[in-house]
Amino acid sequence: MDVFKMMGRHDHEEVVFCNSPDIGLKAIIAIHDTTLGPSLGGCRFYDYASDEEALNDVLRLARGMTYKASIAGLNLGGGKAVIIGNPETDKHEYIFRAFGRYVDGLGGRYITAEDMNTTVRDMEWVRDETRHVTGISKALGGSGDPSPVTAFGVFIGMKAALLTARGRDDLSGIKVAVQGVGHVGYNLCRYLNAAGAELFVADVNEDAVERARNEFGATVLSGDEIYTFDADIFAPCAMGATLNDETIPQLKASIVAGAANNQLAKSMHGAALLKRNILYAPDYAINAGGLINVANELEGYNRERAFKQAEGIHDTLLAIFKMSKDEGIPTNEASDRLAEERIRRMAQLRGSFSPSQPRSTRRI
Ligand code: NAD
């Protein structure tokens, strides 16, 4: 495995290999870009088949965080960590504390948080060793569960998409098909129901669909039916890669706006959606509420402020849709360009400012 070549592909700044055999910790921290500020991104616990697979994943995820923070207007860079191990058997206090010491050694260049297979409790162990951690419990001054803010951002973003596609942002009577009614999907349904939308849901978890049916009068769809259902909006809120060669031709919805990460199986699927005249709200732009929420912890958490900042997702999406229309490019490409442009401008601004002058105007 050629580490420098892998890092060079997308200009990653730094990769830290954490190896504590006595403790049993094997982890990788990737810092993609710190132009906008310290890198922030969750720590994933996963049993990777190989070290190369782990490195590939952490590099890809760290880069994604750079774009998400930039488009959200945050003064944060992109980073991510993976701990290599079986989440069923290998998660212990000493693993997370050892990981916390590596994070601390980076002096704030990387700030960690929860991610797949890590919990608020795990992050509290990390916090015993470093202050550079977010996503801790409310009891310890943290922000707790980010999904209500994520859901609110998706709801607000959906309105921006509706306004762009239909010239109105009133959701009453609009048919929304929500795939996955877990943490974010459930809260999204709550907002949509209050706004008078008609809800159609699918989830592999029976209890989750029952709750949506009972509380919001949602109609339950079976597995694949969610793609073919004649909805106005399709909201993927479960797993990634649901927009692919197979599903895109089946979609009847004219808008895709949901919380799931990595919705496009490949970036070319953004063009496939555009070709079908389906307005796609880029995943990392519309689901940035979770990141906005944890970023708020860095300044002393204030839930009201987090929701207020998540409102910005509306105008961010309008700007993405406008660029897509003006330049005839897919929305995912427009989003990438806007995110890159902000980083480029900030780098220029830093270059022309002396250190004694204010660094930037902060939106968070
Ligand atoms: P969750 O695990 O609470 O909910 C996911 C739901 O999807 C579950 O109810 C699960 O049963 C269901 N599901 C799984 N496979 C399915 C399938 N094949 N068909 C239908 N339903 C299926 O997760 P969450 O926190 O709600 O996150 C949902 C998505 O949003 C994920 O992709 C996550 O990465 C992304 N996201 C979440 C946040 C957040 O704040 N939680 C922030 C940004 C992005």
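Scroll up for the structure.
Analysis parameters
Residues numbered from 1 in each chain as written. Predicted model: local features only at pLDDT ≥ 70, side-chain atom pairs only at ≥ 80, totals over all residues. Heavy atoms only, no water. 1 Å grid on protein atoms, 1.4 Å probe; cavity = no way out; pocket = protein on both sides within 12 Å on 5 of 7 lines; lining within 4 Å. Points joined across faces, edges and corners; volume = space filled by probe spheres on them. Helix = DSSP H or I, 4+ residues; strand = E, 2+ residues; numbered from the N terminus. Core = buried A, V, L, I, M, F, W, Y, C linked by side-chain atoms within 4.5 Å. Buried < 20%, exposed > 50% of the residue type's maximum accessible area, 1.4 Å probe, protein only. Contact = heavy atoms within 4.5 Å. Pairing = 2+ DSSP bridges.

Novice: Whenever I open this one, empty space enclosed by the protein confuses me. Can you help?
Specialist: Once rolled over the atoms, a probe with the size of a water molecule shows which space is left empty. One pass over the full model with this rule turns up one cavity of 30 Å³ or more. Counted as a void, the largest cavity has a volume near 40 Å³. Contributing to the lining of the largest cavity are 10 residues, with Ile71, Ala72, Ala285, Ile313 and Thr316 lying nearest its centre. Broken down by element, the residue count for the lining of the largest cavity peaks at three residues, all from helix 13 (residues 312-327).

Novice: Help me understand the nonpolar core, please; the structure alone is not making it clear to me.
Specialist: Proteins that are soluble and globular tend to have nonpolar side chains buried together. Ranked by internal contacts, the top residues of the largest apolar core, which has 66 residues, are Met158, Val176, Val178, Leu188, Leu192, Ile233 and Leu317. In terms of residue count, the dominant contributor to this core is helix 5 (residues 147-166) (10 residues). Among residues more than four places away in sequence, those in contact with Val176 are Met158, Leu192, Ala197, Glu198, Leu199, Phe200, Ile233 and Ala235.

Novice: I'm lost on the pairing of strand 10 (residues 233-236) in this one. Help?
Specialist: Both faces of the sheet carry side chains from a regular strand, because those side chains alternate between them. The alternating pattern of strand 10 places Ile233 and Ala235 on one face and Phe234 and Pro236 on the opposite face, and all of these are buried. As paired strands, strand 10 and strand 11 (residues 255-256) are joined by two bridges and run parallel to one another. In the sheet register, Phe234 faces strand 11, and the bridge partner there is Val256.

Novice: What am I meant to see in the pairing of strand 1 (residues 14-20) here?
Specialist: As paired strands, strand 1 and strand 2 (residues 25-33) are joined by seven bridges and run antiparallel to one another. Across the sheet, residue Cys18 finds its bridge partner in strand 2, namely Ala27. Adjacent in sequence and paired antiparallel, strand 1 and strand 2 are bridged by four residues, among which Gly24 carries a positive phi angle near 95°.

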